[in-house]
Each structure stands twice: as structure tokens, then as C-alpha cells.
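Reading the structure
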Amino acid sequence: MGTGRLYAAVAAGGFRRYATYRTATAAGVFTNTVFGLILAYTYLALWHERPHLGGYGESQALTYVWTGQALLAVVSVMGGGFEDELTERIRTGDIAVDLYRPADLQLWWLAADLGRGLFQLLARGVLPMAVGALLFPLALPTRPWVWPAFLVAVLLGTVVSFAIRYLVALSAFWLLDGSGVAQISWITATFCSGMLLPLNVFPGALGEIVRALPWASLIQAPADVLLGTADPAAVFARQLAWAAALLAAGRMLQSAATRRVVVQGG
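Scope of this entry: the structure provided in the associated data block.

What to know about the overall build of the protein chain
Within the protein chain, the secondary structure is distributed over eleven helices and zero strands. Reading the protein chain from its N end, one meets helices and strands in the order α-α-α-α-α-α-α-α-α-α-α. A compact globule built from 266 residues should have a C-alpha radius of gyration of about 18 Å, and the protein chain, at 19 Å, falls within 12% of that. Its C-alpha atoms put the protein chain at 65 × 40 × 30 Å along the principal axes. Within the protein chain, buried positions represent 47% of all 266 residues. Long-range contacts, defined as pairs at least 24 residues apart, comprise 80% of the intrachain contacts of the protein chain with a sequence gap of at least 6. Of the accessible surface of the protein chain, which amounts to about 12900 Å², a share of 68% is contributed by carbon and sulfur atoms. Within the protein chain, the 14 negative side-chain charges are centred at a point lying 6 Å from the centre of the 17 positive side-chain charges.

Spelled out as C-alpha cells, the structure:
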């Protein structure tokens, strides 16, 4: 099997794996929809008091809410992807088998995570967005090219998310328990991705900082493309830069971990 076909098969396997969790998927759709309703009415109250907060009109703010709920599981803002399994394999020592396989560890898990992300987009992204569009006046794009651009931003955001979580998982090679790092990463992603509030709302230097961090690629960046509040080319360039830097850091950490396993095994 060629390299491309191998990782395509891994991605398809990741899609099928999450497709088997039908009850969990239905519960996730329900949770995203309910949380979206709570956030939507909270945003309505906030924007009633502060019209055009963060440069958004009311319809744009509502669209941001439902975009965030559609992408929450896709980009794994709150975890729940491959990282728990990889951390456990490191803890038990099973990772040694993975490192000696004729497949790249990082690409293997990336392919599996992209398969997971595609499933979550179709299963947990479309329905909450449709509910939001039925119940609220959303500012959805009318130009057809915006939707493909939005999907590209979602793809790049998923890759950035993977790269962050891959680094978090690999930290278990040097820590007795990687759960602390995972919790810090989850909290940071919650506040810095735009999950709770658009990053445009953050004032002054704080807003500049959070928009420059990699977590902004997860929700804020795709939402900017969908709402037309940012140049897609600039968004893609920033996402690609973070993806390249973080994947390279993961590659370096993976190499160090491999040497550690070889030394201990020897």
C-alpha cells in the first residue's frame, strides 16, 4: 500500500470509528444545540446593551455563536480526540511498538484526527447550525465562494488543533501524568479560541495577544472567513504558519521521545 493510500485508510478508519458512537453523537448534537441557545440569548442581551460590540452586528454575533457550536467538536476545543489514547499508550509503554512501525507516528495520528474531524463536522456541525438558522436571523454568506473558503479555514484550524494536542500528548514522555498539561491546554483553548466570546471583544493589548495565539485559528479564524470580517488569504497564511511551526515542534519532540525509548530499550 502506498504512503498516501495508507494515511487515507487511517483517516477513513478514524471517520468510521467515531461513526459507531451513535448515542454519544446524538447527545453531542443535543448539547451543542442547547448550549447554542443559551449563548444566543446571552449574546442578544449583551448586544442589546452594547450594539456592534467587537465590530459585529446582532446577526453577525448570532452567526458567530452557531458557528462556534458547529466547530466545537470538529477542532476539539475541549479535547476528546486522539490525545487521551496516545497519552495512555505512552504511559503503558505501548508507544514503543508504534515508534518501530513503518509509518510516521505524527502523520498517522494526524490522518486519524482529520477523519474524526470530518465526521464531527457532518454529524455534530450541520444540525446545530441548521437549528440556529431556523430560529435566529443569521448573517450567512450569499457569495458561493465563501463556503469553500470557510471549509479551508476549518481544515487548517483542525490541523493547528491537532498540532497543539500532539505536543500535549507527547509531554507524557517526560511527566508521570500528562493530565495536568492537558487541563491547562483545555482551559487555554476555551478562553483563547473564541469559544465563549469573539476575540474581537477583548480590549487593547489583550485582544491583540489572543488573536495572535495559535488557538485563534480554531474558531475565530473560520468565523472571520464565514462572516467576511477578515481577508481569507491573510487568515490562511496565519493558520498555515502556526500549523507549520507547531507540527515542526511536534516532530522535534517526537524525535527526542524516540531517542529516549531507544536508549531505555537498549
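More follows now that the structure is in view.
Things to note about the pattern of salt bridges
For the structure shown, the criterion picks out eight salt bridges. With its nearest N and O atoms 2.8 Å apart, the salt bridge here joins Glu83 to Arg165. Of the two residues, Glu83 sits in helix H4 (residues 83-92) while Arg165 sits in helix H7 (residues 146-170), which places them 82 residues apart along the sequence. Summarising the burial analysis for this pair, Glu83 and Arg165 share the class buried.

A few points about H4
All buried positions along H4 are accounted for by Glu83, Leu86 and Ile90. The arc that holds the buried residues of H4, viewed along the axis, is 65 degrees, so those residues lie on one side. H4 presents Asp84 and Arg91 as exposed residues on the side facing more than 90 degrees away from its buried surface. As for H4, its buried residues are in contact with helix H5 (95-99), helix H6 (105-135) and H7. Phi for Gly93, located one or two positions after H4, is positive at around 90 degrees.

Comments concerning a nonpolar patch on the surface
Side chains of Leu46, Met78, Trp186, Ile187, Phe191, Leu196 and Leu197 sit close together on the surface and give an oily, nonpolar patch of about 590 Å² of accessible area. Here the nonpolar patch gets three residues from one element, more than from any other, and that element is helix H8 (residues 179-192). Summarising the element assignment, Leu196 is placed in the loop between H8 and helix H9 (204-212). With a relative accessible area of 31%, Leu196 lands in the partly exposed category.

The rules behind the values
Sequence order sets the numbering: in each chain, residues are counted from 1 along the sequence as written. It should be noted that, the model being predicted, local features are given only for residues of pLDDT at least 70 and side-chain atom pairs only at 80 or more, the latter also being counted only at that level, while totals for whole chains, interfaces and linings use all residues. For the side-chain quantities, the full set of heavy atoms in the structure was used; hydrogens and water were omitted. Going along the chain from the N terminus, every DSSP run of H or I of four or more residues is numbered as a helix, and every run of E of two or more is numbered as a strand. What the globule rule says is 2.2 Å times the number of residues to the power 0.38, and the radius of gyration is computed from C-alpha atoms. Each residue is placed in one exposure class: buried if its accessible area under a 1.4 Å probe, protein chains only, is under 20% of its type's maximum, exposed if it is over 50%, and partly exposed if it falls in between. The criterion used for residue contact is that any of the two residues' heavy atoms lie within 4.5 Å. Method for areas: the Shrake-Rupley scheme with a 1.4 Å probe, in which residue coverage is limited to the protein chains shown. A residue counts as positive if it is Lys or Arg and as negative if it is Asp or Glu; His and the chain ends are not included. All charge positions are set by atom: Lys at NZ, Arg at CZ, Asp at CG, Glu at CD. Salt bridges are identified by distance alone: a Lys or Arg side-chain nitrogen within 4 Å of an Asp or Glu carboxyl oxygen. To obtain the arc, one takes the directions from the helix axis to the C-beta atoms. Patch membership requires over 30% relative accessible area and the absence of a salt bridge. Like charges are linked within 9 Å, and nonpolar side chains (Val, Leu, Ile, Met, Phe, Trp, Tyr) within 5 Å.

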